[in-house]
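Examining the three-dimensional arrangement
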Amino acid sequence: MLRRRKSRLGLHLLLLPVLLFADDELDHLIEPGYQPEEARDEQGLWMEFKEMERELNKSALLVRDAELRNYVDGIVCRVAGEYCNDFRVYLVRNPGFNASMTATGMMQVWTGLIVRASSTDEIAAVIGHEIAHYTRLHSLQGFRKLKSQMTKGSVFDFGLAVLTGVSVPLGQATALLNYLSFNREQETEADLLGTRLLAEAAYDPHASYRVWYGLLAEEAAAEVKRENVGVFSQTHPNSEDRAGYLKSYVENRYGRPDVEQVADQGLLDILNNYYLLLMEDQLDTNRFGRTREILERHTKIGVEPGLVNYFFGEMYRQRGDEGDQELAVAAYTKSVESNLAPPEAHKNLGYLYLKAKNNQQAKDSFRKYLEINPEASDRAMIEFYLAEDGQ
Amino acid sequence: MKCKRIAMLAIIASLSGCATGYSLVAAGPVAVQDLGVQADAGWNRAPAMHTPSARKGAETWTKDGMLLDRLVIAPAIPDGQPIMVSRNKSAALPVFRKDMLPNELEELVESSIVKLFGEGSAVVSTSNLRPHRYGEITGIRFDLEVTVTDSPAYRGTVGAFVGTDNLYLMFFLGAEPHYYDKHIAAASAIIGSARL
Amino acid sequence: MTQDLMRSVSCMRWLRVTMLCGSGVLVAGCVATQNVQQIEKLESIADNPRVILMPPDIRYYLLSAGGLPEPHAEWTRLAQDNFTNATQDYAQSIGTDLKTLDPDDIGEVEFEYEKLHSAVGATILNHHFGLTKLPSKGNGQIFDWSLGPGVSRLADEHDADYALFVHYRDYQATGGRVAFAILAAAAGGYMQTGSEHGFASLVDLRTGDVVWFNVVGAGSGEMREESGAAAAVRTLFKDIPAARETGDTE
């Protein structure tokens, strides 16, 4: 919290001249196909990350669907250009806004990133940023800096090992990763180089700051503010600074945007085809303000209204504030009319009618639910209500 | 950071010994506040130190150790309260409302279990929602599956009912493979036996 | 990183750490092994009992002056190779046929059991060797943890009777670290200069039962060298049941 608020005022003013005039010196530090050098610490890092990757490969939370993976792989490869073969991309089921990269080229993209994007270009912007971390060897530099800081005797809480004399027996790699957060300087480097990669791959460079304005809008809409929104945001410059300096940088370098951003068919297809999978985890976060902001974004970019309305119904119904029941009924009703609604729309509509003591309509909706979904695992519950008195 | 603090506390606790130990749950009728259940033999009641997310008055029982199986019995959760506690103010825990219908109770538990394992670290799905009679009161039962990043998967079952505007909630989680199968019958019987 | 109540990724790991710490057998400086032996000898329908060694989770770290454990790839590779060879010899000496699984042999089922085993192993360290005993298990008198009969899938797939799981960590102090420790000692403090510890367990692949479990502390051996690895293997596999009466396991 403190960390995120600290330098709001200064950063982009301070860095701007540097950004505008010095960034041409910023270039990749490694060639495509990079392999670790003989250096002991680099070899060690690679070993840990390879072990992590072995486990990640088998994670039950990986999205293994080909169309989704191809979509993300395609973006990575286009932004990465000649570095494409350096990366293995893992799409992970997680509603947070995050992507991450290790020194070995193991890249994780969370489904929460796709859910929040207004365009493929915005996803590409985050990916470009991560690729820049890789080609600038930021992991290794971070590790070396950490080592030297510790040697200077800073109070260090790798904790148990030092305090109790017992070393950490398991999960070293994750613990290590937690300490390998990039610093602000590296973040700014990655922002700039990432934006250039984005533009060179013919994605819209203006997406690089739009993604941050999107995140700011979500934070503003949130009922419960985050202490941190995941590694990506926690250790990075705050969103306002970042959106500000990136906007100046991009407009200075590439000119103002021609037209208002419009969503591309690629992203729309992905959202339309996988909407339930992608939004289900977001709904489970119980963060209604954020979910609502995301749904409004989806409406604006043209995701199938039948799908979006279903989740509007879910969100209003679960939030349960004054007037939410009516809003939920309206949203479910629109969703049901589109024929894109999952069967649960009928069921939850039924429960809403039940709550409103509208038993006849409740039963109609419940019957419809069982008619569409005769194998429903909660059939016994529904039949319990169908058998209740009145009819 | 917080985890480490908890871990440190647990170490200190385990070093200091007795007050934090597990105790045997006597077989037969057991009262957890105003909720009565019929326990079989072999359950260990976890000390509060090992159950940081449990509400005051709730109990957590295990047969083989809490990483492998656990039965949580949370009585008398009042309107407007979450089913577990968190020191993390930004956790956004869902709360119980006394007018909740079965689908809403199911969602309440699903979202809470996600938070129990860590938002983003687990995907929880529910199935087989069905009515269940707890004495005079009609409540619900349903089943759970939890997929976790860094541990075995868990399967479980849940029982809940609303009595005098309070929620009475019991859930069992067992590691997969083996521990769910090993204890589901016993856990299910206890949940089914709950009475006010 | 996440809104954890109990167990985010890292939290789970810290809690596991706690369990090991709580077990009290791994305190630096003491040479200790503790074990549980549930059976007298290994059984098989084959001539020799067939054992699979799950990819041994052995890691070497360099402990820098500040205390950051730095993964050491070369030492780890050396240790893994030496350990695997020494285990092969040891297995032969107790009359078993050993097959070492490569990380690439780990399919979905193997991975599932690796994860279950780490939860069971942490539980054993905590509740059997540790201070928080479970009264239902006679406060440490009853040892009946198991991976369940479903492990017979591994028996069938690998034609084996038993599976051996090994976890081992070695932290070597750098010169700087040792210097720091001396300074700390001079100032009346204590600082760890390095340590090693691990555990190994043997699972019956018909029943899933953990039939033998051994915890080792410091001084168990230097796996980076062949002779050290042989010594470490003897310590790590202390009292492991053999296929035939050997009289003495040492």
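Every value quoted in this text rests on a predicted model; they were computed, and no experiment measured them.

Procedures and definitions
- Residues numbered from 1 in each chain as written.
- Chains lettered and ligands numbered in written order.
- Predicted model: local features only at pLDDT ≥ 70, side-chain atom pairs only at ≥ 80, totals over all residues.
- Helix = DSSP H or I, 4+ residues; strand = E, 2+ residues; numbered from the N terminus.
- Buried ≥ 20, exposed ≤ 12 C-beta atoms within 10 Å, placed from the backbone.
- Contact = placed C-beta atoms within 7 Å.
- Pairing = 2+ DSSP bridges.
- Domains from an automatic or database assignment.
- Nonpolar A, V, L, I, M, F, W, Y, C, P; charged D, E, K, R; others polar.
- Arc of directions from axis to C-beta.
- Axes fitted to C-alpha atoms, helices over the stretch in contact; angles between N-to-C directions.
- Core = buried A, V, L, I, M, F, W, Y, C linked by C-beta atoms within 7 Å.
- Expected span 1.5 Å × (residues − 1).
- Bend = angle between axes of the 7 residues up to and from the residue.

Focus: the overall build of chain B
The helix and strand inventory of chain B stands at three helices and ten strands. Mapped in sequence order, the helices and strands of chain B form the string α-β-β-β-β-β-β-α-β-β-β-β-α. Of all 196 residues assigned to chain B, the portion counted as buried reaches 57%. Considering only residue pairs separated by 6 or more positions, chain B has 46% of its internal contacts joining residues 24 or more positions apart.

Section: the overall build of chain A
Within chain A, the secondary structure is distributed over 21 helices and three strands. Taking all 391 residues of chain A together, 47% fall into the buried category. Put simply, 68% of the contacts in chain A that link residues at least 6 apart link residues at least 24 apart.

Thoughts on the interface of chain A and chain B
Counting residues at the interface gives 32 residues for chain A, matched by 27 residues for chain B. Put simply, the parts of the chain that give the side of chain A that touches chain B at least two residues each are helix H8 (160–164), helix H19 (344–355) and helix H21 (379–386) of chain A. Considering each element in turn, the side of chain A that touches chain B owes the most residues, five residues, to H19(A).

Here we look at the sheet that holds strand S10 (residues 166–176) of chain B
All names here are of chain B. Reading across from one edge, S1-S4-S5-S6-S10-S9-S8-S7 is the order of the eight strands in this open sheet, with antiparallel pairing throughout. Strands with a single pairing partner mark the edges of an open sheet, and in this sheet they are strand S1 (23–24) and strand S7 (122–134). In the sheet, S1 pairs with strand S4 (residues 44–45) via two bridges, with the strands oriented antiparallel. When the bridges of S4 are listed, Ser23 appears paired with Arg45.

A closer look at the domain arrangement of chain A
Residue and element names in this part refer to chain A. On domain assignment, one finds that chain A holds domain 1 (2–254) and domain 2 (282–386). Contact residues are listed per partner, giving ten residues for domain 1 and eleven residues for domain 2. Residue assignment for the side of domain 1 that touches domain 2 shows that the elements contributing at least two residues are helix H5 (111–116) and helix H11 (207–221). Considered class by class, the residues forming the side of domain 1 that touches domain 2 number six nonpolar, one polar and three charged.

With respect to unusual backbone geometry
Residues and elements named next belong to chain B. Of the consecutive residues Glu176 and Pro177, the connecting peptide bond is found in the cis state with omega at -5°. A positive phi is found at Thr164, a non-glycine position, where the angle reads about 40°. If you trace the backbone, Thr164 turns up in the loop between strand S9 (153–163) and S10. Its 11 C-beta neighbours within 10 Å are what place Thr164 among the exposed residues.

Description of the environment of Gly128(A)
All names here are of chain A. Mapping Gly128 onto the fold places it in helix H6 (residues 120–135). Residue class for Gly128 comes out buried when judged on the 30 C-beta atoms lying within 10 Å of it. On a C-alpha basis, the gap between Gly128 and Ile75 in space is 9.3 Å, while along the polypeptide they are 53 residues apart. Leaving out residues up to four positions away in the same chain, Gly128 has contacts with Val79, Gly194, Thr195, Leu197 and Leu198.

Re helix H15 (residues 275–283) of chain A
Listed as buried for H15(A) are Tyr275(A), Leu278(A), Met279(A), Asp281(A) and Gln282(A). Along H15(A), the residues classed as buried sweep out an arc of 160° about the axis, all on the same side. Buried residues in H15(A) make contact with H5, helix H14 (265–273), helix H16 (288–301) and helix H17 (305–319) of chain A together with S7 of chain B.

Description of the pairing of strand S8 (residues 210–216) of chain C
Residues and elements named next belong to chain C. Within S8, seven of the seven residues are buried, leaving the element largely enclosed by the surrounding structure. As defined by bridge partners, strand S1 (residues 33–37) adjoins S8 across five bridges and the pair is classed as antiparallel. Note on S8: the bridge partner recorded for Gln37 is Trp212. Bridge count between strand S7 (residues 195–204) and S8: six bridges; the pairing is antiparallel. Note that in S8 the partner of Ser201 across the bridge is Phe213.

Topic: the environment of Ala125(A)
All names here are of chain A. Mapped onto the fold, Ala125 is located in helix H6. Assessed through the 29 C-beta atoms surrounding it within 10 Å, Ala125 is described here as buried. Between the C-alpha atoms of Ala125 and Asn286, which are 161 residues apart in sequence, the distance is 28 Å. Not counting the four nearest positions on each side in its chain, Ala125 is found in contact with Gly194, Leu198, Ala207, Ser208 and Val211.

Some details on the sheet that holds strand S3 (residues 106–110) of chain A
All names here are of chain A. Overall, mixed pairing links the three strands, which are arranged S1-S3-S2 in an open sheet. Edge strands, defined here as strands with exactly one partner in the open sheet, are strand S1 (88–92) and strand S2 (99–101). This sheet shows a mean twist of 15° between the axes of neighbouring strands, independent of strand direction. Pairing geometry for S2 and S3, over three bridges, is antiparallel. By the bridge assignment, Ala99 is partnered in S3 with Val109.

Concerning the nonpolar core
Nonpolar side chains in soluble globular proteins generally cluster together in the buried interior. Among the nonpolar cores identified, the biggest contains 197 residues, and Val79(A), Ala163(C), Leu164(C) and Val203(C) are the most heavily contacted of them. With residues near it in sequence (within four places) discarded, Val79(A) still touches Ala124(A), Ile127(A), Gly128(A), Ile131(A), Leu197(A), Leu198(A), Ala201(A) and Tyr203(A). One finds Leu45(A), Phe49(A), Leu140(A) and Phe143(A) within the second-largest nonpolar core, a separate group that totals five residues.

With respect to the environment of Arg379(A)
Here Arg379(A) lies in helix H21. Classification of Arg379(A) as partly exposed rests on a count of 17 C-beta atoms within 10 Å.

Considering helix H3 (residues 179–192) of chain B
Residue and element names in this part refer to chain B. Along its 14 residues, H3 runs 19 Å from first to last C-alpha, staying within 8% of the 20 Å computed at 1.5 Å per residue. Along H3, the helix axis deviates most sharply at Ala185, where the bend reaches about 40°. Of the residues making up H3, those classed as buried are Tyr179, Tyr180, His183, Ala187, Ile190 and Ile191.

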